[in-house]
Amino acid sequence: MGTLPAWVRWAYRGLAGWIVLAALHNAFARDLDFAPVTNRFAHDVVLLVAGGLCAYRAVRHRGERLAWALIAAGILAWTAGEIYYTGVLWTVTTVPFPSPADAGYLLMPPLVLAGLVLLLRARSRGDRPATAWADGCLAALAAGSLSAAVVFDAAAGSASGDPLGVGTSLAYPLADLVLGSFLIGALAGAGWRFDRTWLLAGLGVLTFGIADSLYVVQTANDTFVSPSWFDAGWWAGLVCLSRAAWEPAPAAGEPHPEDMRLIVMPLLFAVVSLLVLVAAAVVSVNALAVVFAAAALVAVMVRLILTFRENLAMLAASRDEALTDALTGLANRRALSRRLDEAIPEASDGAPLVLVLFDLDGFKAYNDAFGHPAGDALLVRLGANLARYLAGRGTAFRMGGDEFCALFAPGDQVAEPIVRGAAQALSEHGEGFHIGCSYGSIVLPREASAASEALRIADQRMYAQKRVGRVSASRQSKDVLLRALAERNPGLDSHVHDVAQLVGAVADELALQDPEREQVCHAAELHDVGKVAIPDAILDKPGPLDDEEWAFMRRHTLIGERIIAAAPALHDVARLVRSSHERWDGAGYPDGLAGDEIPLGSRIVAVADAFDAMIVRRPYSRPRSTREALAELRRCAGTQFDPVAVEAFVTAWAGHDPAARTGLASASA
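Let us look at the structure shown here. Please read these numbers as outputs of a predicted model, since none were measured by experiment.

**Some remarks on the overall build of the protein chain**
(1) Moving on: Secondary structure summary: the protein chain contains 26 helices and five strands in total.
(2) Moving on: Looking at the protein chain residue by residue over its 669 residues, the buried ones come to 43%.
(3) Moving on: Working note: accessible area of the protein chain is about 33500 Å², and carbon and sulfur atoms make up 60% of it.

**Topic: unusual backbone geometry**
(1) Moving on: Cis rather than trans, the peptide bond between L444 and P445 has omega equal to 0°.
(2) Moving on: Summarising the element assignment, P445 is placed in the loop between β5 (433–444) and α16 (451–488).
(3) Moving on: In this structure, P590 follows Y589 across a cis peptide bond, with omega equal to 10°.
(4) Moving on: Following the sequence through the fold, P590 ends up in the loop between α22 (571–578) and α23 (600–615).
(5) Moving on: Located in the positive-phi region is A511, a residue other than glycine, with phi close to 60°.

**Comments concerning empty space enclosed by the protein**
(1) Moving on: Tallying each qualifying case throughout the model produces three cavities of 30 Å³ or more.
(2) Moving on: Estimates place the volume of the largest cavity at around 50 Å³.
(3) Moving on: Residue lining of the largest cavity: E582, R583, W584, I598, R603, A606, V607, Q640, F641 and D642, and that is the complete set.
(4) Moving on: Here the residues of the lining of the largest cavity are counted per class, giving five nonpolar, one polar and four charged.

**Examining helix α24 (residues 626–636)**
(1) Moving on: Within the sequence span of α24, burial applies to A629, L630, E632, L633 and C636. With its buried residues spanning 155° around the axis, α24 presents them on a single face.
(2) Moving on: Downstream of α24 by one or two residues, G638 has phi in the positive range, about 95°.

**Some details on the packing of aromatic side chains**
(1) Moving on: The final tally for this structure, using the stated rule, is 14 aromatic pairs.
(2) Moving on: The interplanar angle of 80° and the centroid separation of 5.8 Å between the aromatic rings of F370 and F433 together place this pair among those described as edge-to-face. Of the two residues, F370 is situated in helix α13 (residues 363–370) and F433 in strand β5; the sequence distance between them amounts to 63 residues.
(3) Moving on: Members of the aromatic cluster, each reached through a chain of ring pairs, are W78, Y105, F208, F230 and W234.
(4) Moving on: The ring centre of W10 lies 4.6 Å from the NZ or CZ of R13, which sits over that ring.
(5) Moving on: The ring of Y12 carries R243 above its face, with NZ or CZ at 5.8 Å from the centroid.

**Quick notes on the nonpolar core**
One broad rule of soluble globular proteins: the nonpolar side chains tend to lie buried together.
(1) Moving on: Judged by nonpolar contacts, the single largest core of 49 residues is most densely connected at W68, W78, L116, W235, L238 and L241.
(2) Moving on: Looking at this core, the elements with two or more residues in it are α1 (6–28), α3 (42–60), α4 (65–89), α5 (100–123), α7 (163–189), α8 (196–220) and α9 (231–244).
(3) Moving on: The element contributing the most residues to this core is α9, with eight residues.
(4) Moving on: Sequence-distant contacts of W78, that is, excluding residues within four places in its chain, are made with L47, G104, Y105, M108, F208, W234 and L238.
(5) Moving on: In this structure, V506, A567, V573 and F611 belong to the second largest nonpolar core, which totals 38 residues.

**Comments concerning the packing of α23 against α24**
(1) Moving on: Where α23 contacts α24, the axes come no closer than 9 Å and their chain directions differ by 145°. Classified by chirality, the crossing of α24 by α23 is right-handed. Where α23 abuts α24, its residues V607, A610, F611, M614 and I615 lie against T626, A629, L630, E632 and L633.
(2) Moving on: Its residues placed into classes, the contact of α23 with α24 shows eight nonpolar, one polar and one charged.

**Regarding the sheet that holds strand β4 (residues 428–430)**
(1) Moving on: The strand order across the open sheet formed by five strands is β2-β3-β1-β5-β4, and the pairing between neighbours is antiparallel. Looking at strand neighbours, the two that pair on one side only are β2 (394–400) and β4, the edges of this open sheet. The mean angle between the axes of side-by-side strands here comes to 20°, regardless of whether they run parallel or antiparallel.
(2) Moving on: One ladder, built from six bridges, connects β2 with strand β3 (residues 403–408); its direction is antiparallel.

**A word on α22**
(1) Moving on: Among the residues making up α22, those that are buried are V573, A574, L576 and V577. With its buried residues spanning 160° around the axis, α22 presents them on a single face.
(2) Moving on: Elements that come into contact with the buried residues of α22 comprise α18 (516–526), α21 (556–565) and α23.

The rules behind each value
Residues numbered from 1 in each chain as written. Predicted model: local features only at pLDDT ≥ 70, side-chain atom pairs only at ≥ 80, totals over all residues. Heavy atoms only, no water. Helix = DSSP H or I, 4+ residues; strand = E, 2+ residues; numbered from the N terminus. Buried < 20%, exposed > 50% of the residue type's maximum accessible area, 1.4 Å probe, protein only. Areas by Shrake-Rupley, 256 points an atom, 1.4 Å probe, with all protein chains shown as cover. 1 Å grid on protein atoms, 1.4 Å probe; cavity = no way out; pocket = protein on both sides within 12 Å on 5 of 7 lines; lining within 4 Å. Points joined across faces, edges and corners; volume = space filled by probe spheres on them. Nonpolar A, V, L, I, M, F, W, Y, C, P; charged D, E, K, R; others polar. Arc of directions from axis to C-beta. Phe/Tyr/Trp six-rings, centres within 6.5 Å; stacked < 30°, edge-to-face > 60°. Lys NZ or Arg CZ within 6 Å of the ring centre and 35° of its normal. Core = buried A, V, L, I, M, F, W, Y, C linked by side-chain atoms within 4.5 Å. Contact = heavy atoms within 4.5 Å. Axes fitted to C-alpha atoms, helices over the stretch in contact; angles between N-to-C directions. Left-handed = near helix turned anticlockwise from the far one by under 90°. Pairing = 2+ DSSP bridges.

Remember that the coordinates give geometry; whether it matters functionally is a separate question.
Structure, rendered in structure tokens:
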């Protein structure tokens, strides 16, 4: 919609200023002649400008053109009636009733109402709850009952003469009643949160309705004097309606949070209706007010029914959410615990149950490669596959993360084929990925009589199978890389084998447990795999390497890490290989780590690699004796090597080669 143009802003300021002056003149200085205000045609010009501005906005506003065109037509219709009254009937001694002016006046409420209805439809999001519409009806009926009780009685009491005149007299308060009730009902239906457009439109209708009501009451009491202090109410109301057309439509956003207004306002209007009915029992109140008040109380009852239904639906949804996985729609861990608590006692008297826990293999790599949204979509597909497979047999659950569960009664069938089929349902492969699963199963109640115990045993069995699978995968990947290294440089084959043996002995000396011991041994075997990318001219150079050759050589740990990390099962091994040439004092490569920053496995590999390099003949150096090599390790402990790793290596070497114990003693001395 954009910012309000300056000329429009100044036009409305001028209209508002004239109305304020006119109101002050009519209230306090009727005898003062002030031409711009007291001229009887001045207010007609004001209303024509207001109607023209609203019509101009309707032409420019495509989305809500018809709504604002109808409102502009209503303003101009009332203005036309006022122009006729001012120009023709102003000086007439006996004003005919009804007159053509009344036709213009009475056209305004239905035209404006039609425009507001279209505006409400255009700005409604289509997601109003039924209780909001009930609140709207309640507020409209309650406001209508109050208006009918206060104003309509006065109009009905003063209406006399021919039927057309009586009908015209009653049409004014009835039109105001309908228009005002609609706006109040619309405001209630929106949760009492309207934008500036509706606030201005509501203010306009309210101001106009108050002026009309005062006119009806004073006319009924024969106290109306023209010009009156409240004449400005009609003009101000129509100008507010016109100004509302220039407010921008609100942008779609988040719904407002619910608050006490949604409770307090319906109760307030219910009290209003109740008071009207109480008043009807004490004093004379017209039937229209009583009917509206009674209908409002019916709306209260409908509101209570709708609220009760909403609460029941929310309670059911809350229970479903508590027992359902939000991503896959499967039952969750809480639902499984409840099901086991119910099923285990039942299974004691009948057919046994099989509980299977599944953990996906390769899911982390899939997530890293394709992203978390793709990972979530994969979980949804696999969960649906498992649910379809178990349909008619049992129930599928998602435990969280990449863990699933199945609970089924095998009946007369063998359970293992069903378990394998469920595992197959949780598998998927494609270009660049393979998803499988490890699982552990338990028969209930034969192997467990409680839900917690059953889950613990199944979990242990699942992770035992996963560990076996990981060991197998890491060994297979390691063997492939070692074969590639041996084919590239047969001379390195025996070196990595010897280093791995030494590292295994040191790991035993340090009491490392699986899988850490296995990772260190794999790192020892693969620590030189990056040398496949180093030219033979550098590897086999008989003399010392120059700076450029050393820079090239030092890349082999990074190359080795990239090669090894391509196998997900060897991810931790790749990290150890990267740091296998770091020094205890921080002078190593590639990251300059020092002390305990270096992984323990890398420190062990560094000691064993250096020892083997010293005792084996190389193109650039003569071999040393084991005594000399051990002495060199001890000499460099605390600078190049971890002192603890060195002493563990020395002790392990003594146990590995009993003949070396004498040499070790001499070296210590």
